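Here are the chains, one letter per residue:
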Amino acid sequence: MAQAEPERISGARRQIRELLHDWADPDQVDSAELMVSEMVTNVLTHTDGDALLVAEAVGELGSRRLRVEVADSSDELPHKRHPGEMASSGRGVLLMEMLADAWGVDPRGEGKSIWFELHEQAKAEDSDS
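Summarised in this report is the structure supplied together with it. Bear in mind the structure is a predicted one, so any value in this text is a computation, not a measurement. (Residues numbered from 1 in each chain as written. Predicted model: local features only at pLDDT ≥ 70, side-chain atom pairs only at ≥ 80, totals over all residues. Heavy atoms only, no water.)

Structural notes on the overall build of the chain
Line of reasoning, step 1. Counting its regular elements, the chain contains three helices and four strands.
Line of reasoning, step 2. When its helices and strands are written in sequence order, the chain yields α-α-β-β-α-β-β.
Line of reasoning, step 3. Out of the 129 residues in the chain, the part that is buried amounts to 35%.
Line of reasoning, step 4. Residue pairs in contact within the chain that sit at least 24 positions apart in sequence constitute 60% of those at least 6 positions apart. (Helix = DSSP H or I, 4+ residues; strand = E, 2+ residues; numbered from the N terminus. Buried < 20%, exposed > 50% of the residue type's maximum accessible area, 1.4 Å probe, protein only. Contact = heavy atoms within 4.5 Å.)

Here it is, written out as structure tokens:
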């Protein structure tokens with residue numbers, strides 16, 4: 001991996017954390033940061049090209065939807081692997097299945113876009129009952 005790539009990955013993580021600074025559930029922020037890191041790392045590791053990250057949070061505070069897309073120029077689609085306990089890679093699809101409310105891959109004319117969505121869930125407050 002080129003020397004600048006870890007900095008680019010940490011920059012993507014930082015941008016997601018800043019976008020979600022007032023997100024209701026800190027666990028979802030951690031999940032979003034982890035998935036972004038995984039997606040950008042995969043592009044930088046497994047393709048010859050660059051990654052384009054687009055993230056948006058829409059809706060009312062407490063019930064927003066986060067959508068993150070990472071596009072690249074490779075036509076190779078991600079596939080589920082069954083990594084052993086000591087494997088250092090191969091868990092990206094498993095992470096997306098576990099952490100995202102929705103996710104997918106959209107093939108494009110040249111390349112693809114991998115995306116995920118999280119639906120903000122406000123933590124249950126103590127009720128007055």
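Quick word on helix 3 (residues 92-99)
Line of reasoning, step 1. Among all positions in helix 3, only G92, V93, L95 and M96 are buried. Seen from one end, helix 3 has its buried residues packed into an arc of 160°, which puts them on one side.
Line of reasoning, step 2. As for helix 3, its buried residues are in contact with helix 2 (26-46), strand 3 (102-107) and strand 4 (112-119). (Arc of directions from axis to C-beta.)

With respect to the side chain of D25
Line of reasoning, step 1. Along the chain, D25 falls in the loop between helix 1 (5-19) and helix 2.
Line of reasoning, step 2. Under the relative-accessibility criterion, D25 is labelled buried at 13%.
Line of reasoning, step 3. Among the polar contacts listed, one links the side chain of D25 to the backbone nitrogen of D27, at a separation of 2.9 Å. (Polar contact = N/O pair within 3.5 Å; in protein donor to acceptor, adjacent residues only side chain to side chain.)

So, the packing of aromatic side chains
Line of reasoning, step 1. In total, this model carries zero aromatic pairs according to the counting rule given.
Line of reasoning, step 2. Its end group placed over the ring of W115, R67 keeps NZ or CZ at 4.3 Å from the ring centre. (Phe/Tyr/Trp six-rings, centres within 6.5 Å; stacked < 30°, edge-to-face > 60°. Lys NZ or Arg CZ within 6 Å of the ring centre and 35° of its normal.)

Thoughts on the environment of L52
Line of reasoning, step 1. Within the secondary structure, L52 sits in strand 1 (residues 52-58).
Line of reasoning, step 2. Distance in space between the C-alpha atoms of L52 and S73 is 9.6 Å, their sequence separation being 21 residues.
Line of reasoning, step 3. If near-sequence neighbours (up to four positions away) are discounted, L52 is found in contact with E69, V70 and A71.

Bear in mind that shape data such as this cannot, by itself, settle questions of function.
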